[in-house]
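Each chain is listed here by its residues.
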Amino acid sequence: MTAAYIIHRRAYSNSSLILELFSESHGRLPVMARGGRSATTRGRQSWLPFQFCQVQWSGRGEIKSLRSWETVAEPCVLKADALYCGFYINELIQRLTAREQAQPELFQAYARTVMQLAHKNIELQCILRIFEKQLLQCLGYGLLLTHAADSQQPLEAHASYDYQPELGPIACDATQSVVMRVQGQTLLDLHSEQFSNAESMREARQLMRFLLSSYLGSRPLKSRELFMQKSLGE
Amino acid sequence: MNNQSLLQQLIEALRCLPGVGPKSSQRMAFHLLERDRSGANRLAQVLAEAMRDIGHCERCNTLTEHPVCRLCSNQQRDASQLCIVESPSDVVAIEQATHYSGLYFVLGGHLSPLDGIGPDEIGLDKLAQRLQTESITEIIIATNPTIEGEATAHYIREMAQTQGVTITRIAHGVPLGGELEFVDGGTLSHAFSGRGENW
């Protein structure tokens, strides 16, 4: 048995379901739950995303067969905006991770994020930024948030930097035109995972969006459209 | 070109029906050819007509052969209530099971970003337009109790809040005749937190 979350589910043939799992031991992989949609089985499982479960599967092909499934904890019920955020993190996982590649650290980060989204004791924006940072870290694109990439000098809160993808922050003066200008404070806040003000939160959102876009390619994230109505961000 | 015999083509074509595999499609084909030719002719004719004529209602999006469907054009129905469902079959289910006398709006599915389905793909822009132009006082959201249905309901609620209408959602919980012991935890906790006084 391995710990997993359902990222997405889609109907397959008359009564089966294909569940896209994000598991601790094998990363993202699709499994088929035969008869998963039929209403005849008493006490049938409700295969819902964001539910922490223990699963066992078998098979060699791309789509495995689900052998057994147990929910361990209370289902994490995401509501309203937190649910949109849930879709967003699931879409990031689906788009950026390769199938069947174990990512135990990312799995832990994902589990923490889902828990936080369900309890909503931290601001949603903040939860997303931290998840994005950890996601990039786990994928090997970790951010440089403590010192400048060229001079190796520690970052200063009030200086402005040009953040270059896969390189890091490079000191620049306020008049220079650069692609991604951020304040030192924003980078330090991202590092400490505590946002000091709304401005640094806004900049962090822009920075993450800019960095993620280079890995996501040309197809935009669909879950962002959900937020457009109220422009909550990501 | 196609070197399959006509019989084989028929058997193959019948497999597009839900729940029909090679064996049953073969049975169906032989039954139609050997025992019920007139029924088969009628089926072929109605099927061709239905495929040609049935489209979506201009107002509610449900399936109909008229520009505006029977429900939308019925003056007896209460135009101040609008029930929002995911598919035309949901309209039929509600019509058969309840005494609801308002109008409907059929979405083209539910919001599912991971399948690439966003607000525009399911016709929410059309719904927004309708909310603005018509005098609707209550909208009843009857999307499925899946997380996608939940997200769709939330999106509609945000959209409609600015219009000053009452927004209600159908209740969900333990099925009639069911036993609590066998109901899954999520449903039970939902039923419990949404307990009501009208019973």
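About the criteria used
Residues numbered from 1 in each chain as written. Chains lettered and ligands numbered in written order. Predicted model: local features only at pLDDT ≥ 70, side-chain atom pairs only at ≥ 80, totals over all residues. Heavy atoms only, no water. Helix = DSSP H or I, 4+ residues; strand = E, 2+ residues; numbered from the N terminus. Rg over C-alpha atoms; globule rule 2.2 N^0.38 Å. Buried < 20%, exposed > 50% of the residue type's maximum accessible area, 1.4 Å probe, protein only. Contact = heavy atoms within 4.5 Å. Areas by Shrake-Rupley, 256 points an atom, 1.4 Å probe, with all protein chains shown as cover. Buried area = accessible area lost by both parts, 1.4 Å probe. Salt bridge = Lys/Arg side-chain N within 4 Å of Asp/Glu carboxyl O. Polar contact = N/O pair within 3.5 Å; in protein donor to acceptor, adjacent residues only side chain to side chain. Core = buried A, V, L, I, M, F, W, Y, C linked by side-chain atoms within 4.5 Å. Pairing = 2+ DSSP bridges. Axes fitted to C-alpha atoms, helices over the stretch in contact; angles between N-to-C directions. 1 Å grid on protein atoms, 1.4 Å probe; cavity = no way out; pocket = protein on both sides within 12 Å on 5 of 7 lines; lining within 4 Å. Points joined across faces, edges and corners; volume = space filled by probe spheres on them. Nonpolar A, V, L, I, M, F, W, Y, C, P; charged D, E, K, R; others polar.

1. Here we look at the overall build of chain B
Move 1: For chain B, the helix and strand inventory stands at eight helices and six strands.
Move 2: Over its C-alpha atoms chain B spans a radius of gyration of 22 Å, topping by over 25% the 16 Å that the globule rule assigns to 199 residues.
Move 3: Here the C-alpha coordinates of chain B stretch approximately 60 × 45 × 35 Å along the principal axes.
Move 4: Buried positions account for 34% of the 199 residues belonging to chain B.
Move 5: For chain B, the proportion of contacts with a sequence separation of at least 24, taken over those separated by at least 6, is 47%.
Move 6: Total accessible area on chain B is roughly 12,600 Å²; 53% of this is exposed by carbon and sulfur atoms.

2. What to know about the interface of chain A and chain B
Move 1: Contacts between the two partners involve 28 residues from chain A, matched on the other side by 26 residues from chain B.
Move 2: Summed over both partners, the interface of chain A with chain B buries about 2,300 Å², with 61% contributed by carbon and sulfur atoms.
Move 3: Connecting chain A to chain B are two salt bridges.
Move 4: Counting across the interface, chain A meets chain B through four residue pairs in polar contact (both at pLDDT 80 or more).
Move 5: Within the residue set of the side of chain A that touches chain B, elements represented by two or more residues are β1 (2-12), α1 (80-96) and α6 (224-228) of chain A.

3. Digging into the nonpolar core
Move 1: Core analysis: the biggest nonpolar cluster contains 76 residues, and A:L92, A:Y110, B:L124, B:L127 and B:I139 have the highest contact counts within it.
Move 2: Element by element, the count of residues in this core is highest for α1(A), at 10 residues.
Move 3: Not counting residues within four places of it along the chain, the set of residues in contact with B:L127 comprises B:L82, B:I84, B:F105, B:I156 and B:M159.

4. Digging into the sheet that holds strand β8 (residues 181-183) of chain A
Residue and element names in this part refer to chain A.
Move 1: With antiparallel pairing, the three strands of this open sheet are ordered in space as β7-β6-β8. Two strands bound the open sheet, and with one partner strand each, they are β7 (168-171) and β8. Strand-to-strand twist of the sheet, defined as the mean angle between neighbouring strand axes without regard to direction, takes the value 45°.
Move 2: The pairing of strand β6 (residues 160-164) with β8 spans three bridges and is classified as antiparallel. Looking across to β8, one finds that Y161 is bridged to V182.
Move 3: Across the sheet, helix α4 (residues 184-192) is in contact with β6, β7 and β8; its angle to β8 comes to roughly 70°.
Move 4: The sheet strands contacting helix α5 (residues 198-216) are β6 and β8, and the helix crosses β8 at an angle near 140°.

5. Details of the layout of surface pockets
Residues and elements named next belong to chain B.
Move 1: Space inside the second largest pocket adds up to approximately 420 Å³.
Move 2: Contributing to the lining of the second largest pocket are 13 residues, with L10, L14, L32, L43 and L47 lying nearest its centre.
Move 3: Residue contributions to the lining of the second largest pocket peak at six residues, all from helix α3 (residues 37-53).
Move 4: Counted by class, the lining of the second largest pocket contains 11 nonpolar, one polar and one charged residues.

6. Considerations on the sheet that holds strand β3 (residues 78-85) of chain B
For sheets, the rule is that strands pair by backbone hydrogen bonds, running either parallel or antiparallel.
All names here are of chain B.
Move 1: Spatial ordering of the open sheet is given by β4-β3-β5-β6, a layout of four strands whose pairing is parallel. Strands with a single pairing partner mark the edges of an open sheet, and in this sheet they are β4 (102-106) and β6 (166-169). Ignoring which end each strand starts from, the neighbouring axes of this sheet average 25° apart.
Move 2: With five bridges connecting them, β3 and strand β5 (residues 138-142) associate as parallel partners. Paired with Q81 across the bridge in β5 is E138.
Move 3: Sheet strands touched by helix α6 (residues 124-133): β3, β4 and β5. Its angle to β4, the strand with the most contacts, is close to 155°.
Move 4: Sheet strands touched by helix α7 (residues 147-161): β3, β5 and β6. Its angle to β6, the strand with the most contacts, is close to 170°.

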